[in-house]
Amino acid sequence: MTKSSRRFNIDRDVAPWTGATRPYDIAKEVAICFLVIGLLTVGLSVLFSSPDDPAVTLKQWAVSTPIDFATTAATELDGTGGTAGYGPPYNTAADGPMVLGISPAKIAGVHIPVDAAKDFVLSPVAALPENPVASQAIATYEAASVEQRQTWAANYDAAVTASTVTTAGGKVIVAPGDYGPVATIVDQLVAMAQSGALDTTMLTQQRFFSTDFTKPLLFISDGSFLANKAAIDHLQGDQWGMMNETGSWPGQAWLWLYTMWYQVPGLSTSDNADLQVFLIIIGLTLLLAFLPFIPGLRSIPRWTRVYKVIWKDHYRNM
Amino acid sequence: MTTATDKNWTRSLRKAGESAFPPERLLPDTQPSYVASWIYVFGALTMAALGVVTATGLVLAVMGPTWWHHSSTGHFINSMHLWSVELFFFAMVVHLWGKFFMAAWRGNRALTWITGVVSFVVSIGTAFTGYLSQTNFDSQWIATQAKDGINSTGGGAVFNVLNFGQMLMWHITLLPIGVGAIVVFHVLLVRRRGVVPPFELSGAKEEVAQ
């Protein structure tokens, strides 16, 4: 067997230990650690419990802020809503974030098809039982040309975001205008959501048993209701929200480095921030993983001399 | 010369295991004298916290994902799950920084370091899917925000953070298996290679056999 040799590198190699040993009881150490962690866990749980803010429903949204709900429905119809213009993996309305002209999302393609107008607004209203007003409005809308639908939806979108919009008994009142059946459709959807029927309908669009909340979550996140509630709990992206938790409980503090990049000028306003930050984190993680092989970086422990504190007894006894 | 004994896979596997991990190395009762600092405890504390996380997670899994919302016992178990996760990450990060400042990759221990980093990353993924599985406002908000990061990589096509059922399965099966496997491998490497010795203050230079 041939043996090669290489020059000793203090940041990579060690001389075999030939010094003294000391008694050690690994079983005892592990047992004590379990006891300490167990007691700490129980103590912290008794003292501080854990947060549990109930999930927000479409009903709560429509009852609390019907104008925001109606506005969001209008944007799904005219294509300016968050999901309607999202791109992959939901639709082809956009390319998704890019770096160096490459969009990984576009390459991956549309795998979770979502038609915002149909899935969030038209299908639920069309499913209203024994409701000739809703049926007639849907029929009129679907019989119209794409351009005509767009005009009605855009007109209603402008009206529902105007300062003149009001509510009466939970119903959204907009100034008279050329909205075609859109105003009726949105009114029906608002009423449906306020009754709680929309929560059920959107969940069971696919089948009786469902654990997939993609569509209702996309719809509710397109409005301001969820985001406003999150802002109160300092959970927004510009509030370092990724590492926060509702109330004063600690959240995912280990995501501080990921969250930090979203606060950096340039990235905080970039349309491609999600992909850029992800790539930065991937790069930093690879650097950390392969640090033993990177000259300079692997010397930092020796330069900082923290090891002298860790092994102070050893060096004192040398 | 090949013998009949060498062709027995089971016997060869056993001998390789016995050679790599003799009982006194797997469960040592002595350590080099330099292993004398509180920083060394954080590896075992991380393991202990992982044990509590797993035990409380098992209870939550047995009772179902929404049990803890309407049961005071369930809420307490959930609190234990949360706090043991916080302790797990605290101990793990201290352990990681301690090993960094010891340059613990020295002496053919690079794979030990890498598996440690991988277990940290997989643990973050496990905790993240746990936050998505709470079935409350927190999980709603985290899911709607996180989707943009995942989708931007193209990963959203197969890893849909808005799909509660998918995230729950990742959280209670796939990722825990991943964490468990990588942690076991990491610990075996630690037992195999031993604890890294201190830097030689004399700056000794010598040839290293490869």
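Conventions and cut-offs
- Residues numbered from 1 in each chain as written.
- Chains lettered and ligands numbered in written order.
- Predicted model: local features only at pLDDT ≥ 70, side-chain atom pairs only at ≥ 80, totals over all residues.
- Heavy atoms only, no water.
- Helix = DSSP H or I, 4+ residues; strand = E, 2+ residues; numbered from the N terminus.
- Rg over C-alpha atoms; globule rule 2.2 N^0.38 Å.
- Buried < 20%, exposed > 50% of the residue type's maximum accessible area, 1.4 Å probe, protein only.
- Areas by Shrake-Rupley, 256 points an atom, 1.4 Å probe, with all protein chains shown as cover.
- Salt bridge = Lys/Arg side-chain N within 4 Å of Asp/Glu carboxyl O.
- Axes fitted to C-alpha atoms, helices over the stretch in contact; angles between N-to-C directions.
- Parallel < 35°, antiparallel > 145°, perpendicular 65-115°, else oblique.
- Contact = heavy atoms within 4.5 Å.
- Nonpolar A, V, L, I, M, F, W, Y, C, P; charged D, E, K, R; others polar.
- Polar contact = N/O pair within 3.5 Å; in protein donor to acceptor, adjacent residues only side chain to side chain.
- Phe/Tyr/Trp six-rings, centres within 6.5 Å; stacked < 30°, edge-to-face > 60°.
- Core = buried A, V, L, I, M, F, W, Y, C linked by side-chain atoms within 4.5 Å.

## Topic: the overall build of chain B
Logical step 1: A tally of regular secondary structure across chain B gives 7 helices and 2 strands.
Logical step 2: The C-alpha radius of gyration computed for chain B amounts to 21 Å, which surpasses the reference 17 Å derived for 210 residues by more than 25%, pointing to a less compact arrangement than a globule.
Logical step 3: Its C-alpha atoms give chain B principal-axis dimensions of about 60 × 50 × 40 Å.
Logical step 4: For chain B, with 210 residues in total, the buried portion stands at 56%.
Logical step 5: Carbon and sulfur atoms make up 68% of the accessible area of chain B, which amounts to about 9600 Å² in all.

## Considerations on the pattern of salt bridges
Residue and element names in this part refer to chain A.
Logical step 1: Applying the stated rule across the entire model yields 8 salt bridges over all chains.
Logical step 2: Arg302 is the salt-bridge partner of Asp11, the closest N and O atoms lying 2.7 Å from each other. Taken together, the residues Asp11 in the loop between strand S1 (5-7) and strand S2 (21-23) and Arg302 in helix H14 (residues 300-304) connect sequence positions 291 residues apart.
Logical step 3: For Asp11, a relative accessible area of 3% gives the class buried.
Logical step 4: Taking the relative accessible area as the measure of exposure, Arg302 reaches 25% and is therefore partly exposed.

## Some details on the packing of helix H5 (residues 110-132) of chain B against helix H6 (residues 137-152) of chain B
All names here are of chain B.
Logical step 1: Contact geometry for H5 and H6: axes closest at 7 Å, N-to-C directions at 120 degrees. With respect to their mutual orientation, H5 and H6 come out oblique. Between H5 and H6, the residues in contact are Phe128, Tyr131 and Leu132 and Asp138, Ser139, Ile142, Ala143 and Ala146, respectively.
Logical step 2: Class assignment of the residues belonging to the contact of H5 with H6 gives a composition of 6 nonpolar, 1 polar and 1 charged.

## Regarding the side chain of Asn131 of chain A
Residues and elements named next belong to chain A.
Logical step 1: With respect to the secondary-structure elements, Asn131 resides in the loop between helix H5 (116-126) and helix H6 (132-143).
Logical step 2: With a relative accessible area of 18%, Asn131 lands in the buried category.
Logical step 3: For Asn131, the side chain forms a polar contact with the main-chain nitrogen of Ala134, separated by 2.9 Å.
Logical step 4: Side-chain polar atoms of Asn131 contact the side chain of Gln188, separated by 2.9 Å.

## Let's talk about the packing of aromatic side chains
Logical step 1: Overall, the coordinates contain 24 aromatic pairs over all chains when judged by the stated rule.
Logical step 2: With a centroid separation of 5.9 Å and an interplanar angle of 45 degrees, the aromatic rings of Tyr258 of chain A and Tyr262 of chain A are classed as tilted.
Logical step 3: Since its relative accessible area comes to 15%, Tyr258 of chain A is described here as buried.
Logical step 4: Residue classification places Tyr262 of chain A among the buried positions, given a relative accessible area of 18%.
Logical step 5: An aromatic cluster of at least three residues, connected via ring pairs, comprises Trp97, Phe100, Phe101, Trp105 and Trp113 of chain B.

## Side note on the nonpolar core
Logical step 1: Counting 120 residues, the largest nonpolar core has Phe69, Leu77, Tyr156, Leu198, Phe219 and Trp311 of chain A as the members making the most contacts within it.
Logical step 2: With 11 residues, the top contributor of residues to this core is helix H4 (residues 72-101) of chain B.
Logical step 3: Once you skip the residues sitting within four places of it in the chain, Phe219 of chain A turns out to touch Leu58, Trp61, Phe69, Thr72, Ala73, Glu76, Phe120, Leu189, Leu198 and Met202 of chain A.
Logical step 4: Membership of the second largest hydrophobic core comes to 6 residues, among which are Tyr262, Ala273, Val277 and Ile281 of chain A.

## Section: the side chain of Ser152 of chain B
Logical step 1: Locating Ser152 of chain B in the fold gives a position in helix H6.
Logical step 2: Separated by 3.4 Å, the side chain of Ser152 of chain B and the backbone nitrogen of Leu275 of chain A make a polar contact.
Logical step 3: Beyond its immediate sequence surroundings of up to four residues, Ser152 of chain B is in contact with Pro97, Pro104, Ala105, Asp274 and Leu275 of chain A.

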